[in-house]
Structure formats: C-alpha cells, structure tokens
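# Breakdown of the fold
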Amino acid sequence: MTVPEAKRQRRENMLDTQEENAHSLDSSSPQPVETVTYANEDSVMTDSSQVEEPETNGHIVPLNSAEITTALESCKILVIGAGGLGCEILKNLALTGFNDIHVIDMDTIDLSNLNRQFLFRSADVGKSKALVAAEFVMNRMPGVKITPYMGRIQDKDEDYYSQFQIVICGLDSIEARRWINAMLVSLVDDESPESLIPMVDGGTEGFKGQARVILPTITSCYECSLDMFNKPNSFPICTIANTPRLPEHCIEWASVLEWPRVFPDKKYDTDNPEHISWLYETALTRAKKFNIDGVSYFLTQGVLVLRLVYGKFLISMALSAACCNEAFKIATSVAPFLNNYMMYTGNDGVYTYTFEHQKKPECPVCGTVAIKIDIDPDMILEDFLDVLKEKPDTQLKKPSLRTATKALYMQAPPPLEKASRPNLVLKMGDLVEDGDEITVTDVALPVSMQLKVKLITK
Amino acid sequence: MTAIPDLKAQKYDRQLRLWAASGQAALENANVCLLNATTTGTEILKNLILPDNAIVDQKDVSSNFFLDTSCIGKSKSLAIVEYLRELNEDVKGHHDERSPEYLIVEEPSFFDQFTMIIATSLSDTLALKLASICEAANTPLFLVKCLGFTGMFRIQAGENTIIETHPENFSDLRLDMPFPAFLEYVKEFDFDKMDSSEHGHVPFLVVLQHYLQVWKAAHDGKLPASYSERNEFKELLKKDMRSYDEENFEEAISHVWRLASTSGVPSELKSILDDPSCENITKDSTNFWIIARAIRDFVQNEGSGLLPLPGKLPDMKADTKGYVRLQQIYRQKAIEDYEAVHSRVQGLLTSVGLLSDAIDSREIEEFCKFASHVKVIRYRRLEQEYLTEPNTTTICQWLEESDPQNNIVHYVIFRAADLFVKEHGSLKGRDEEETVQLLEDCTTNVLTSIGIPNNKAVALTTDRLKPYIINFARYNGAELPNIASLMGGLVAQEVIKIITRQYIPVNNTCIYDGMNATTATYVL
C-alpha cells in the first residue's frame, strides 16, 4: 500500500468509527452526569455509553508491526503551545515515533517556567519557547524533524492548517482553543475526508484536568463545551511584576512579591482577615498607581484562596501523555481512540471519568440551529449586552449586534459605534421583533453567532 | 537585597501555590530511591525533580529521552543523573551500579537511608522481599508496572494519616447551632429600619440566622425540620425581600437546604475518634493521634458535641466592613476552640511524659481547621495481598462484573506476565499464539493462587480474560512512551502526596487502561 493509500485507508477507518459514534448519538443514550464524584476505593469509574462500542473488546494491532512506524512517519502533526503541556507533548510525540512535528508558540521563556518546563535551561530565558523546545528535542532525538514557529496562531491561514493530519493543543488559553477549534471546523469539506483534522486537547486547573478528542463537525467541539470551563485564574509572573492590567494582577503582586519581601519568614494565612486586609491594602495602592479599578477585599480573598487550590502541576504531565496517546491511536488506528472526553481529578486518589460529551445543536461554531433567547421587551439594549457577556456558554467580551435589516450596536469602527450608540438606551421591544434573528460578533467569538429572538414580558 | 529568595520564590511559584510552605520543606528533606530506571522510572524521577529537591538514587538505567548520542560508553545511570540535575541544579543525585536484586537480597540495609522507595518493573518475587524490608523500616514503597497500553502502581505505606486533605468547597456554617457571639451580632441588625442598600448588604448568614430566630419563636424553639417546613421558611424570607432579585436573600434561600443535616461529628471522623490508637495515647503515639484524642475530648466537653469551628467563611454578598466583621467573629470563635484543643494537647503530652510543646501549634491549628475531613489510610501489606490474606471474594466479584472496562483484568494479567517471565523468559519477540497460550496458563495459575477454585479460574481465563491476554501478547513486551509518561505523572503526584502528607493518596492500587482512557482504584 502506498503512503497516500494508507492515509486514505486510515481516514476511512476513522470515518467508520465516526459513523458508529453518530449512531450512538442518535440512540437515546442518557446524557452523562457532569458532576464529579470521587472514586471509592473499590469502584470503577466508567461510563456505560462506551460499552456498546464494538472495538472496546477488540484486538489491537501488534505494537511491533511495521505499519505503525509507516503510519507515524507519514503523519504531519501540529502542536500548539510550547509551555508546560507543550514541552511534554513534543517529547512524547518524538518518543512515540512521529517525525514531522510543527510547533507554534508566541511566548518567550521566563524564569518561572524553568521548574516545570523541562526543555528549558537558565541560559534560555528570553528566547522563543517554540524554537528552544524544537531544538532541544531534535538534539536528543536525531531523525525527528520539528518545525517551530514563534508567533500567534492567528498569523496562519487555512492553507497552513490544512497541511496537518492531527492538531494537538497544549494551551492554557481558552481564546486560542476557541480560535483553533473554529478554524478546524471551518476547514471541513464533506467531499474531502482529508479536510477533517482531528483536534486533541488537554487542559489543567490545579488537581483537575481533561483530555479530549474533537472530530470537527462530527463530535462535540470545544465551543460546545464552553460552559464547562471557568475563566483561567493564574497569571504570568512578568505581567504581575511589570504590566498589571487587571485587579487580580495587583493582588498577585501583593501576595507573590510584596508579602515575601516584607515578611520573609511568615506565610500569609488566607483565613486571617488581618493578613488579607494587608494584602488588599497593598494591592489597592498598586492598583491606584496603575489606575486599575476593581480591587476589592472579596476579590483579594477570592484570588488568594484559589491560588492554593489551583495552579498547574503534575497533572499536566499525565494529561499531555494521555493526549499524545490519543494522537498515537488516531495516527495509527492501532486501537480505538477516545470518544470523546476524559475528565481527571487528583486531590482524592486518582479519579477519571470517561464519557461522550454531546454535540450542541445550537453551538455557534459547529451547530446548525440558532440559539433561542428569551428577551424582556422592556430591557434596554445595554443591559441585554451585559446578559450576553454573563452567559457561561458564550463568554463574550465586546459583542456587536445586528439584525438582517439594521445594526443594533457595533463596537467598531468608531463612526459605526457612534451611530449605533443611541440604541443602547432603547428598549429591546422597540429594536427587535418576535422571531427576528440577531447576529452577534465578538472578539472572543471566532465566528458569528445567531440568536433567535422570543419576546417575553416578565 | 533579597535577590536569592525572590528568585527561588519565582522558580517555585506554582508549587508554593499547591503545597504551601510545610509541603515544600518535606519535599526538600525527602530522599527518594528509584530501582530500575525504565522509561516510566525516569519519567517519575523527572517529575519529582522538577518540583522538589529530592536526593535521587537510581540504578540500572535503560535508554530513554534523557540519553543522547554523547552518552555512549558512559554509565547510563550516571548520564541520567547528570541530565536530570540539569533540570534542577539544587538536586543532589547519586547513582549506583549494583543491581536491585543484589541490594534487595544481599544488602537490605542499603534501603534504610531513604524516605521513599519507587521500584519499576521489579519481579513480584523481589517486590515481596523489598516490601517486607520497607515494612520493617516503615518506608513507603511504590511498585510500578507499565507495558503497552496498560500501567499500574501499588502503594504500601503503613499507616498514613492526613490532616491537610484540601477538601473542596467545604465550610462549616453551624446554621442549626449558632454560637453565642454570632447570635449577639445578629441581634445588632434591625431589618425594618434599614434603607434598601443596607438591607441588600446584610451578609446572608446574618439574614438566615435572623429569620431562623423569628421562626423558632413561632415554633416552640424548633428549627424548620421537614421539607415542607423548610419551604415554608423560604417563603418567610421571600416575603421580606425588598426587590425580586435581592442577592443576599437569594443566597440565604439557597442555603436553606443545609438545615436538613445537623452539625456534629461526621461518621468517618467518628470511626477515627473511636480508633484504639486514639483511645490509647502513649509517648510513642504520633502527633496525629494525640491531636485526634484532644479533639475527641474537646467534642465531649467544651464543644458540647461539636467539632472546633474551622472559622472559614464562603464568599457572600456584603459590604467589605460587614464581611470583615463577620469573618472576625467566626475567626475569634475558631481561635477559642483551637486554644481549648491546644491546651488539651499539652495536657495529653505531659500525661505521657513528653514536653508540653512537643507538637507544633500550626499542626494543631490545621487539624482544628480540617477536623471533619482528616483521613486515616492503613495500607495492606504486599504480603497480605499475595500470600497471607488475598482479597479472593472481591477480586472474583470484580472479575465477574459485566463491564468490559473493569480494569481489574489488567491486574491479573500483569501478575500472569510476571509468572510468564519467571517461567518462560522475556515477552519480547515471541510467536503471538505461543505467548497467548502460555499467558493463559499463567493467568489461571495466578487466579488459583489468589484462592479462586481451579474450574472457575479456567472459566474466567477463557471466557473473560482471553481478549485482554491477546492484546497483552501484542504489546510484545514494549513500554509505550506515552503510557510511561502518564504513569510518571500519576505516580509522582502520589509520591508527593505521601511525602507532604497533603491531599489524599490512592489506596492502594491504581490501574490505567490507555485503550479506553480509564483509571480505576482497588484495595488489593
């Protein structure tokens, strides 16, 4: 079998599996409960929806087969991110036998990266993460080709992303994941199976994390599951030290840098109001210096208490390995790959929950149905914008709204913003009618979103 | 100039978040030994070195990521130690060329110097010997196996007591049994005289308690006890809301369900407080048990049936001043309770002839804070699992469960593979059919050795385990780098939990299946 044939064969195999997945979507399998419960010593955590899969009990391809090597060698894989997760992913992929790896990261190496990101040394501080990581792995693994790119994922276009067979993410940015997810969904062309590029994604938050496989347009996509993630709450040390923007940055500065400087022998106690008050005052002084609003006692406490629980740690090692294992199975068809979501928590023993996350028909990225939204006709447009910003499944920042016939409010360009600004104080009932579709665009939203209006008087 | 501490704080920024200072100190003093630096072993070591300053010993290093072409001709274990030290210059690494077998059989005292032993790919025979060495020296032991898509680790760590379990979302609000100082504070609020801004900023705990007092006055001093009474109570709150979405009242209403349970000693803690180790305090008792006993005595006396107050409040709608005040009241009560426990600890220490300040007050404080979530794990010895008391019935039940993803099957096959290697040599490069057949025989033998009757063992092997045996044979004895890396992450995490005595470690075996991406934990 020639390489292109092998590729096509693999695609077809994959599509077969997908068809089965599609069936299991149809069959009224119950939506798995997403609340995490902890494993008792003697229980096994699995989800019954996996049981029907015919391959689960099937046999794997012997691990010493030549076809595995061939498949890995013909697979071009893109790694997004060269930080904690990314370093692990690069090392694992190279060891697995992938030998055409590309990596994108826009960041440079910071001192605080050294202890977790094991491909970097003191001498590398200030250099590109992507370049140093690529060089390090190539040095250790002769024969592996790693092509680094230092820059933003948004710098690259459809042609660039279409060259890959798998995209694997080691990111801690929700925005970047939303963007690449939307990009991969937009690439899918029903006529060409090659256009379907699986995305493997891993993420961590303290002792929690997840690994998942997204088959764009076929399984649930990143945007479908957006409401499962909270906004990230850890910040790079350089931001804290030099360029604070958010009130949280000032609080981090007070606790991470100022407290140890002023009280070198004492650890602050998050339950001691005097300690929190000191940190709050210190953060507030800094916030004033930088004209940052929003530092409050509550926020101070919130940020500090979370600090002790969340952060990134060994979980990222385990989860990036889990992601690479899925990439290995996808590339070689040696065994069925994850369908489609594995959740992990590690504060009480080791606990995983593997389940099929359901596709959302009204997903703005991969769905086909407009989101239905109830609107009080007496609510003014400005308040409606706030409602949209607070919706956990959309997480908008600066939404612009228009209907088929007129602009309701546009954030940019300035003349349009100015022209549409008077609408902000108008009642929704005067701006839209029952059954109208509102198109929403936003910096956080990689594509536009359709809202189907239903006016309901409260 | 404090450049050095600042740099260190930055470098360990993330770890400090998770482990706090006490954990970091425990890590810095740890002395970890790795036997057989397989791919999995090196991954574990790498993960341990990144976050801590453990001194590392390792032997018999095989080829992996940390070796490059310049290492040829050098001792492998030396090369690995050098590379790993590059990762963290503060780490002291040693390597040893002697074989694990030699050390276990001929020089068991070698292991006395370590705080933790991790062995990868050790034969079951040697593992049993090492386990009894570790048991005698009271050294925690991790046994790790990793082949193909499957990996498992077993912990033997004697008695593990954990104060800082880091429970999520925990708070002890004492809604049903408010303490006097808090009740006094609640009386300061005159709800009728407040303007709507003040009314909307009364912390919900105060709101709830105020209305509970109103309710009690009308109901013979009783709290709303049933579901319908609690709904009635909610209506009482709703009636007095100044606007339909007054946040603090909404928070109060959302906490009404908590009245369904009463404050007291949770059952898991009760069994700890009733434990003989808690009853019989001697000068050899550990800090944990002495504090536990002081807590028990506190509950029976000053506490009037209640644990010391943790003094931790959830976030709630309130103004800064009001919230801080409430926080101070809770904290004051927590300090009083802690002081009572503290003096009981001192009394206990003196009564068994120890110095009254032999236990650090921070430890007592932490215990008081986390009392309802402290944990005791008594690990079964490997000898019990293999020889003296195998869990025959439960293993048999797990195996008979219809769920094909029940990872216990991999445990049996790992043990069969050990027997295979012992009797027939390496799993690598053999004819698949022959491997499968021999592995089947080994599997049946393992099941019989666990105590399962022969006919049942044969049936389980053919009906239940065969597909997994075939897959295992197809691993061809290979360690997959991703699975090794994953096990490296999981094991390092559990090692750190045990060293720092924070968070809850696995009891006692964790099995990962990389085909289905599932883990499962068993007490074996």
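Residues numbered from 1 in each chain as written. Chains lettered and ligands numbered in written order. Predicted model: local features only at pLDDT ≥ 70, side-chain atom pairs only at ≥ 80, totals over all residues.

## Concerning the overall build of chain A
Scanning chain A from N- to C-terminus turns up 14 helices and 13 strands. Counting all 458 residues of chain A, 47% fall into the buried class. Put simply, 68% of the contacts in chain A that link residues at least 6 apart link residues at least 24 apart. (Helix = DSSP H or I, 4+ residues; strand = E, 2+ residues; numbered from the N terminus. Buried ≥ 20, exposed ≤ 12 C-beta atoms within 10 Å, placed from the backbone. Contact = placed C-beta atoms within 7 Å.)

## Some details on the overall build of chain B
Counting secondary structure elements, chain B contains 22 helices and ten strands. When burial is assessed residue by residue, chain B has 48% of its 524 residues classed as buried. Excluding contacts between residues fewer than 6 apart, the proportion of contacts in chain B whose partners are at least 24 apart in sequence is 70%.

## Topic: the sheet that holds strand β12 (residues 437-441) of chain A
All names here are of chain A. Reading across the sheet, the five strands line up as β9-β13-β12-β10-β11 and stay open at both edges, with mixed pairing between neighbours. The open sheet has two free edges, formed respectively by β9 (371-375) and β11 (407-409), since each of these has just one partner strand. Each strand of the sheet is rotated relative to its neighbour by a mean of 35°, with strand direction disregarded. By the bridge criterion, five bridges tie β9 to strand β13 (residues 449-455) in an arrangement that is parallel. Bridge pairing links I373 to V453 in β13. (Pairing = 2+ DSSP bridges. Axes fitted to C-alpha atoms, helices over the stretch in contact; angles between N-to-C directions.)

## Digging into the domain arrangement of chain B
Taken domain by domain, chain B holds domain 1 (3-160 + 481-522), domain 2 (180-260), domain 3 (267-378) and domain 4 (382-474). Distance between the C-alpha centres of domain 2 of chain B and domain 4 of chain B: 61 Å. (Domains from an automatic or database assignment.)

## Things to note about the nonpolar core
Counting 170 residues, the largest nonpolar core has I77(A), L90(A), I166(A), V167(A), A327(A), I117(B) and I118(B) as its most contacted members. If one sorts the elements of this core by residue count, helix α11 (residues 314-332) of chain A sits on top with twelve residues. Excluding residues that lie within four positions of it along the chain, V167(A) makes contacts with L78(A), I80(A), I180(A), L184(A), I197(A) and M199(A). C250(A), V256(A), F288(B) and L307(B) belong to the second-largest nonpolar core, a separate cluster that totals 66 residues. (Core = buried A, V, L, I, M, F, W, Y, C linked by C-beta atoms within 7 Å.)

## Looking at the domain arrangement of chain A
Domain boundaries in chain A define domain 1 (3-230 + 313-355), domain 2 (237-309) and domain 3 (371-455). Taken residue by residue, the interface counts six residues in domain 1 of chain A and six residues in domain 3 of chain A.

## Some thoughts on the packing of helix α14 (residues 287-300) of chain B against helix α16 (residues 361-370) of chain B
All names here are of chain B. It is at 10 Å that the axes of α14 and α16 come closest, and there the two elements cross at 55°. The angle between α14 and α16 places the two elements in the oblique class. In this structure, α14 meets α16 at a crossing whose hand is right-handed. Of the residues in α16, those in contact with N287, I291 and I295 of α14 are E363, I364 and F367. Its residues assigned to classes, the contact of α14 with α16 comprises four nonpolar, one polar and one charged. (Parallel < 35°, antiparallel > 145°, perpendicular 65-115°, else oblique. Left-handed = near helix turned anticlockwise from the far one by under 90°. Nonpolar A, V, L, I, M, F, W, Y, C, P; charged D, E, K, R; others polar.)

## A closer look at the packing of helix α8 (residues 247-262) of chain A against helix α9 (residues 273-289) of chain A
Residue and element names in this part refer to chain A. Relative to each other, α8 and α9 sit at 120°, their axes nearing to 8 Å. Considered as vectors, α8 and α9 are oriented oblique to each other. Note on packing geometry: the crossing formed by α8 with α9 is right-handed. Between α8 and α9, the contacting residues are P247, C250, I251, W253, A254, S255, E258 and W259 on the first element and L279, T282, A283, R286 and A287 on the second.

## Some words on the UniProt feature "domain: E2 binding" (unreviewed entry) in chain A
UniProt tags residues 373-456 of chain A as "domain: E2 binding" (unreviewed entry). As a span, residues 373-456 of chain A carries 25% helix and 25% strand, and end to end its C-alpha atoms are 10 Å apart. (UniProt positions renumbered as here; feature names shortened; annotations may be inferred.)

## With respect to helix α6 (residues 174-187) of chain A
Over its 14 residues, α6(A) runs 20 Å from end to end, which matches the ideal 20 Å to within 8%, given 1.5 Å per residue. Listing the buried residues of α6(A) in full gives R177(A), R178(A), W179(A), I180(A), N181(A), A182(A), M183(A), L184(A) and V185(A). (Expected span 1.5 Å × (residues − 1).)

## Concerning the environment of S400(A)
Residue and element names in this part refer to chain A. Looking at the element boundaries, S400 is found in strand β10 (residues 400-402). Looking at S400, the number of C-beta atoms within 10 Å reads 22, which means it is buried. Along the sequence, S400 and E417 sit 17 residues apart, while their C-alpha atoms lie 9.3 Å from each other. Apart from the residues lying within four places of it in its own chain, the contact partners of S400 are Y409, M410, Q411, T441 and D442.

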